[in-house]
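The lines below spell out each chain.
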Amino acid sequence: QGSDASSYLVTMKASERCKSFVALATLSLLAFAAMSAALYIQSDRLASITQPAIISEVQQSDLKANGLFIVACLLMSAMYLGFSGDIKRTYPNVSRIAFFGFAFAGILFPNTIEADSNHVQFINRARSRQSYGPSSFKSFAEQGTFGAAIRLRGGKADLLHEHRFELRNNAWFKTESRREEGGVRAIFSVDGSEIKTLTLHWGVAVNSDDEWITPGKAGCPSIIPAHSALYKDRAVRTPLKMVDGKLQAEIWVPDDLKPKPLIGIRFVLFEPDRDNWYPGGAGGNFFLPVKKTEGKKMPHLQRSPSFTGAIDVDKMRADASPQYSKEAKPSGTVTWNQDLAHLLWNAAQREKAWVDGKQESKSMRLQRSPSFESAVKIIEARKAQEESHLKEADDFYKSEGGRLYRIPFSYQNSQGRQEGVVKAKVKQSKVEINVIPERGDKGPGPLVLHWGVAEKEPGEWTLPNQETISALESGEAHGKAVESKFKTEVGTVEQSIKFELRGSLPPSISFVLKDTSNGAWYKADNHDFCVPITEEGRIRLQDKGKSKSGVIQTPLVRTLSGTEISPPTGATVAREIFDFEKQGHVTLMHRYHMACSLIDRAPPGEAGRDILYFVFIWLRFSQIRQLSWQRNYNTKPRELSHASEQLNKLISWRWKNSGPIEREIFRLMLGCIGRGGSGGDGQAIRDEILHIMHRHRLPESKGTFVEEWHQKLHNNSTPDDIIICQAYLAFLHSNGNLAEFWRVIHENGLNRERLKGYERAIVTEPQFFGDKKDGLINDFNNYLRILKNVHAGADLEKCVEVCRGFLEGHINVLLESILRERGANEARTPAVIDSITEVRQLIGVKMTKEGDIMKLRDLLYLDLGLEAQLRLMAERSLGSLDSVELNTGARALTLWVGLALENLVYSSSPAKGTLDPNVQDSHANELKACLRDWVQLEEEVHKGMTQGWPTKAMAVVERMRRAMGDYVDGIQNNMQKRAEYLGYGLCAVTPEKIPEKWSITLFSEELVRGGGCSFVLSSFLRKLDKVLRKLGGGTMWQVISTGKPGAVGQLVEVHDLMSVQSETYSKPTVLLANSLSGEEEVPPGVVGVITPDAPDVLAHISVRARNLKVLFASCFDPDEFDNLGKLVGKTVSCQISGNRVTVTETGDVASGDDMNQLNEGLKNLKLELPPPAKFTSFCLPEASIDVKASPKTFGAKSTNIVAVRKLLPDWIQTPRSAVVPFGVFEKVMSCPENKEISKAYNAIIDKELKETKDPHGVLRRLKDLTLSLSAPNDLVTQLKSSLEKSGIITSGELEGKEWDEAFMALKGVWASKWNERAYWSCKKSNIPVHQVQMAVLIQRLVEAEYAFVIHTVNPATGDSTEMYAEIVVGLGETLVGNFPGRALGFSMKKDGSGDPTVHSLPSKSVGLFGGGLIFRSDSNGEDLPGFAGAGLYDSIPMVKNTKKTLMYFNEKLATDRGFADKIMRGVCKVAVDVEKAMGGTPQDIEGCYRDGKFYVVQTRPQV
């Protein structure tokens, strides 16, 4: 559609165009005739493009035929697109001929059009380069997917599988398997003059596709070709022979193989001439299926599951440390690594043999050695033992429900230093520790366990409680530890000890071993042993950076000012990076090798993220020159090039096999390193500079620029050389203007000092040779391409050049157009960015399906390059939108936001359009939902601006801003602490004392600003937000609570409200809170809270703010909110005018005496709880709930819901209820089966809770103890009976697992008494939190379509004639819990006069859905007069709700005004009838809507 031919021809006059089209038609027919002949001759599969705008994945092997085909398709597309309007009217016959010619061309191909369900559906973008109509959005919206292309299949039916990938230097290796009569023929071939010899190193898979055994072991030795050789009984080696100018080998696999048919052939390739393995060492194997299987459409690279003979010798030798010299092997026992190192050294001493007239390579020499065979056996034995250990731990967990920990240690006896293992088994409170000596050794002397408990942090020592000590079989207290003797079983050398921890379980225990025979103390790697007891202990152990052996390995790190930085999770890897960077010899090559090792060690999924974050931060510091690129070591360019390639290949492979979060990390990593390459470019950096100097006879003497640069290149080439080359070219183009040279140097971050600081310094300025100018420009342009090949991974020109050979013609046309129009004017920029978007869409499909890692890597680099180009062009256009007319600007910004958002989706989730239901709270899901809703708005605004459009657009804009905020918070949370820890640690150990402070403290900010689409989207959203508000889409402020008039206080900025809820401010304070969650308490002394967040007006935090008479307002203008930051630390006055807050500096503030009186008043305030209710019954059915009973045995929720049921009209439904009264929790706690829990619980309340200054850990333990309660039989019986009598369940329900879930939900409500927000709220009001009693209201959850909360008196205005309500999709927890986003907020006169006034449209990111039972808190403290108790305690569903990402483009509540009006009027009628039923008292009502019916689930007085 976007080809240059069609664009150009459409501009011609009709007569000229007609002549051109006739010529094009002739060329097209000739090209198609040639193509038909090619199809007739060849049997390879080809995909075809048979109509305009349908793009297929072209898979072919004949490049010439494919080239003709693409040319023909493009010409015919241009011809077809040109026949429109005047041509059809003026030359109807020509138009008809062209049409039939087009149809005939399609008939020439016998390929069958078949839509592949595995491919993303075709989307007709239909966007011209100048105008953007709604048709593309319409198609896009209907599909709900991204990507392109119906695949069109053709070719012979006998082809099962094929794949083609580049080995090196345009030498292509092809594999295919074909069905023939009686069996399958597997063909392996390679063409390319560079490769003269190639060996197939292979085995077969019988039971699974990751298996590798020899054909002999599989019982089918007959399939081995005649010229093959068996390699050490582990693989077959078959050399490829020259056949018709190609190296080729075939394996025939008959159908009647006995005893079992094969699944496929696993193989790697070895090139003897270069001693090179493909795809590279032991890094991966290829798999070629020999039968048709689902999901195996082509060979794919996988990690090698076992050693197959393709051994990476260098890696083995590097891993086997320490290395040994020629002296004899040390006496005594050595570790596996020492054995392995010695065997490899022995293998290396073997002299080279002559094989086939050539000396064998190092790799072959080592592998032919018997010592090497022994080394491999050691590795396989180690792996088998590790698998055995893992199985043992897994079996213990499955059978006993316990954890098993193995910790190696060293001990001393008469035989010298020996290795042993401490094996600890933990099953709830029972601990068993076994000391196992090295096999064949008698072990250490009699041991004593010197141990203690760690209550807070792993590694601490505290004396166990007296109950535990008293129960020990042998144990004496010594200071903070206990000493217990081990026992030795008769006939064994193992020593063991068992004990049980009584009372409250500690998170972990710490211990060392004391040898009574020699007085020695044994530790684990010079650190105390540490074994987790609880899951909390396991988490703390991981958070503290424990290794698998239970040893703390995180080093101490301090800032430049001396402040200690606590280690973030996964900080153990930082120690290795510190040790590496402090070495005397470091280069980029060494750094890349180390990064490979760390990445390879990171497990997949969440478990490996900590390592990946640290590796990325490390590589990022290196990329921005905050780590040395060369220290006391010379690296050959080809060595650096090879290291770069190995790292980016590994990153690409891990990207291929990772989830969305890890993919984003790997993508960031890839942007930090160059492309590299094992080809000739690395060496060409050295050679070509010499050739240029010789060709142009440049001086090779000291004191000249080119010679100094040549020496630097020869010594150690780095990415800086690209900048130096660009600067030198600018110098040449400007006829020797040195200012141009230094301009380019400085603009790219270099300076004179850095040039002088190289080991081979560049101190001389360049000299201009006028007579050589043109030749030097030509040669250095070529040299710049060589430098970029190695060092610049995401350079767009290089990326396009590399990928051109395997991308489809349509994509190549778009790419060429993008390169050509990168400097286009502002009018053309959106068209170019649209082309970028389309290409990213198409290559995203390819990336997810590409099996060749090298191609995948190149596609990833291309994607990065396109994203960088998009940002560059977008930023260039950003300023031009300021002066545009308002409506025009809104339409233009809408388009820009859509393009930026679509590209951001492709960055986070390439080619995947539909929401992924398996990923909860996915950033990619949220972006896709935003994009899906935005498409609808784009379509609407291009038809014309309507009155309600700005409001609808603002709802989506707020959601996008929220998504971007979450993205930035994710970067901050995951990166910044680690960047500070790693950065300051590196600064302390590196000789250069880098990274610099700015690069550490601003790491996350610079990462976000330097990002691609995320920063572009944020920039356009900021502009669009203001435009929409000017058009009436929303106000700049929202006042949720007016507080006391004219709030005055000191302005204090906090990151979030949660972090300061435990504070008490000594003078009136206005908080500038950057975020809030809805779970917080407003701290004492705070008179106002201003936030950029948009909480629901009826969310619990909003209600509490109004009850406390605290100013609570949202500021939606980013610039105004930023300006408020300038007043931080000053006394401000907050005046409300209309629906905005004016904040000004003032000198007036409450005096110290006034504040002291306020604080004294808070201290003297003591709200009286009702007297504790005594236990009466475990559960009451609804019929037994007496709302007039005194004293009350349940809270206001139970009272009101039962009372209101009898008073409400029939059209309002209420769910049936039962209640677990006050006193039941205390009764359950006192039962014999909970005696130990009760003792520990009361001990914490009596002492620790009163004395603690930081209650977080104490509250957590109280909740854990509550959740560990056992249910007495009477509770089980009465609760089930009451629920049956109330009609909530039927007989036979709540058995087995269902009962466990129900009781856990009940305990969860009891445990919510110890929520932090409840603790601080009670403490602030002087309510003894331990005296709060908790009843639990049980109902069947209505599976709501919509949920609502009503205040029957408008809380914003106090108008008693008007109600206010908020509605959300799904269950109401997203509303009362202040889930991100807004509800549909509206107010309405209660007499029904007038229409509902909508204040906000729904923009909640998620909805909750589900049914089953729900257990609601109903405490005696929630509705005390003067106490803002709303939402302090939890309501918990028995079955966890399903969380779904919401899209509003087809949600009737957002799109159908008639339906929304009906719901809003119904909610208003509910408010009127409930308030009337409750005697006219203003009500706070929670309810829902389902199947046309309204439900009220609870009501209470509106405070």
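This text follows the structure it describes.
The structure contained in this document is the topic of the report that follows.

## Remarks on the sheet that holds strand β3 (residues 159–168)
Where strands meet in a sheet, backbone hydrogen bonds hold them as pairs that are either parallel or antiparallel.
Point 1. Overall, antiparallel pairing links the five strands, which are arranged β3-β4-β5-β10-β9 in an open sheet. Taken across any chain shown, the strands that pair with only one partner, and hence form the sheet edges, are β3 and β9 (241–243). Recorded for the sheet is a direction-independent mean angle of 30° between the axes of neighbouring strands.
Point 2. Here three bridges tie β9 to strand β10 (residues 246–254), and the two strands are oriented antiparallel to one another. Looking across to β10, one finds that Lys-241 is bridged to Gln-248.

## Concerning unusual backbone geometry
Point 1. Cis peptide bonds are those with omega within 30 degrees of zero, and the linkage from Ile-994 to Pro-995 qualifies with 10°.
Point 2. Following Ser-1190, the chain continues into Pro-1191 via a peptide bond in cis, with omega recorded as 0°.
Point 3. Within the element layout of this structure, Pro-1191 appears in the loop between β38 (1180–1181) and α37 (1196–1207).
Point 4. Phi angles above zero are rare outside glycine, and Arg-625 is one such case at about 65°.
Point 5. Here Arg-625 is to be found in the loop between α15 (609–623) and β30 (630–631).
Point 6. Its identity is not glycine, yet Lys-993 carries a phi of approximately 55°, on the positive side.
Point 7. Within the secondary structure, Lys-993 is located in the loop between α30 (949–989) and α31 (997–1001).

## Points about empty space enclosed by the protein
Point 1. Taken as a whole and assessed by the stated rule, the structure comprises 13 cavities of 30 Å³ or more.
Point 2. Lining the largest cavity we find 16 residues, and of these Asp-933, Lys-952, Val-956, Tyr-1448 and Ala-1454 sit closest to its centre.
Point 3. Of all the secondary structure elements, the ones that give two or more residues to the lining of the largest cavity are α29 (923–943), α30 and α45 (1452–1455).
Point 4. For the lining of the largest cavity, the per-class residue count stands at nine nonpolar, three polar and four charged.

## Notes on the packing of aromatic side chains
Point 1. The tally for this structure, following the rule as stated, stands at 34 aromatic pairs.
Point 2. Relative to Phe-780, the ring of Trp-709 has its centre 6.0 Å away and its plane inclined at 15°; by these criteria the two rings are stacked. Of this pair, Trp-709 sits in helix α19 (residues 705–715) while Phe-780 sits in helix α23 (residues 773–791), placing them 71 residues apart in sequence.
Point 3. Judged by centre distance (5.8 Å) and plane angle (65°), the rings of Phe-1225 and Tyr-1241 are edge-to-face. Of this pair, Phe-1225 sits in helix α38 (residues 1224–1230) while Tyr-1241 sits in helix α39 (residues 1235–1251), and the two are 16 residues apart along the sequence. Considered together, Phe-1225 and Tyr-1241 belong to a single accessibility category, that of buried residues.
Point 4. Within the aromatic cluster, the residues linked to one another by ring pairs are Phe-705, Trp-709, Tyr-728, Phe-731, Phe-741, Trp-742, Phe-768, Phe-780 and Tyr-783.
Point 5. If you follow Arg-237 out to its NZ or CZ, it ends over the ring of Phe-270, 5.7 Å from the centre.
Point 6. Directly above the ring of Phe-1409 sits Lys-1444, whose terminal nitrogen or CZ lies 5.3 Å from the centroid.

## Concerning the packing of helix α20 (residues 720–733) against helix α21 (residues 738–747)
Each pair of packed helices can be summarised by the angle the axes make with each other and by the distance between the axes.
Point 1. Here α20 crosses α21 at 155°, and the two axes come no closer than 8 Å. Accordingly, the angle class assigned to the pair α20 and α21 is roughly antiparallel. Seen along the crossing, α20 lies across α21 with a hand that is right-handed. Judged by residue contacts, Ile-723, Ile-724, Gln-726, Ala-727, Tyr-728, Ala-730 and Phe-731 of α20 engage Leu-738, Glu-740, Phe-741, Val-744 and Ile-745 from α21.
Point 2. Its residues assigned to classes, the contact of α20 with α21 comprises 10 nonpolar, one polar and one charged.

## What about the packing of α29 against α30?
Point 1. Interhelical geometry of α29 versus α30 gives an angle of 155° and a closest axis separation of 10 Å. In terms of orientation, α29 and α30 fall into the roughly antiparallel class. Relative to α30, the crossing made by α29 is left-handed. Across the interface between the two elements, His-923, Glu-926, Leu-927, Ala-929, Cys-930, Asp-933, Trp-934, Leu-937, Glu-940 and Val-941 from α29 touch Trp-949, Lys-952, Ala-953, Val-956, Val-957, Arg-959, Met-960, Arg-962, Ala-963 and Tyr-967 from α30.
Point 2. The class makeup of the residues in the contact of α29 with α30 is 13 nonpolar, one polar and six charged.

## Description of the pattern of salt bridges
In a structure, side chains of opposite charge can pair up when their charged atoms sit close to one another.
Point 1. The final tally for this structure, using the stated rule, is 62 salt bridges.
Point 2. A salt bridge links Arg-959 to Glu-926, with the nearest nitrogen and oxygen atoms 2.9 Å apart. Of this pair, Arg-959 sits in helix α30 while Glu-926 sits in helix α29; the two residues are 33 residues apart in sequence, bridging distant segments of the chain.
Point 3. A relative accessible area of 1% means that Arg-959 is categorised as buried.
Point 4. When salt bridges with common partners are traced through the structure, they connect Glu-958, Arg-961, Asp-1025, Arg-1029 and Arg-1382 into a single cluster.

## Here we look at the nonpolar core
Point 1. With 121 residues, the main nonpolar core has Trp-618, Met-669, Leu-862 and Trp-934 as its most contacted residues.
Point 2. Per element, the largest residue contribution to this core is 16 residues, and it comes from α30.
Point 3. Apart from residues lying up to four places away in sequence, Leu-862 is in contact with Leu-796, Cys-799, Val-800, Cys-803, Leu-807, Leu-815 and Ile-843.
Point 4. Formed by 50 residues, the second largest nonpolar core is a distinct cluster that contains Val-1220, Val-1224, Phe-1303 and Leu-1432.

## A word on the environment of Glu-1236
Point 1. Mapped onto the secondary structure, Glu-1236 falls in helix α39.
Point 2. When the C-alpha positions of Glu-1236 and Arg-502 are compared, they lie 7.9 Å apart, and in sequence the two are 734 residues distant.
Point 3. Leave out the neighbours within four places in its chain, and Glu-1236 touches Glu-467 and Gly-503.

## Some words on the side chain of Arg-1317
Point 1. Within the fold, Arg-1317 resides in helix α43 (residues 1316–1324).
Point 2. With a relative accessible area of 10%, Arg-1317 lands in the buried category.
Point 3. Side-chain polar atoms of Arg-1317 contact the backbone oxygen of Leu-1432, separated by 3.4 Å.
Point 4. A distance of 3.0 Å separates polar atoms of two side chains, one belonging to Arg-1317 and the other to Asp-1434.

Reading the values: rules and limits
Residues numbered from 1 in each chain as written. Predicted model: local features only at pLDDT ≥ 70, side-chain atom pairs only at ≥ 80, totals over all residues. Heavy atoms only, no water. Pairing = 2+ DSSP bridges. Helix = DSSP H or I, 4+ residues; strand = E, 2+ residues; numbered from the N terminus. Axes fitted to C-alpha atoms, helices over the stretch in contact; angles between N-to-C directions. 1 Å grid on protein atoms, 1.4 Å probe; cavity = no way out; pocket = protein on both sides within 12 Å on 5 of 7 lines; lining within 4 Å. Points joined across faces, edges and corners; volume = space filled by probe spheres on them. Nonpolar A, V, L, I, M, F, W, Y, C, P; charged D, E, K, R; others polar. Phe/Tyr/Trp six-rings, centres within 6.5 Å; stacked < 30°, edge-to-face > 60°. Buried < 20%, exposed > 50% of the residue type's maximum accessible area, 1.4 Å probe, protein only. Lys NZ or Arg CZ within 6 Å of the ring centre and 35° of its normal. Parallel < 35°, antiparallel > 145°, perpendicular 65-115°, else oblique. Left-handed = near helix turned anticlockwise from the far one by under 90°. Contact = heavy atoms within 4.5 Å. Salt bridge = Lys/Arg side-chain N within 4 Å of Asp/Glu carboxyl O. Core = buried A, V, L, I, M, F, W, Y, C linked by side-chain atoms within 4.5 Å. Polar contact = N/O pair within 3.5 Å; in protein donor to acceptor, adjacent residues only side chain to side chain.

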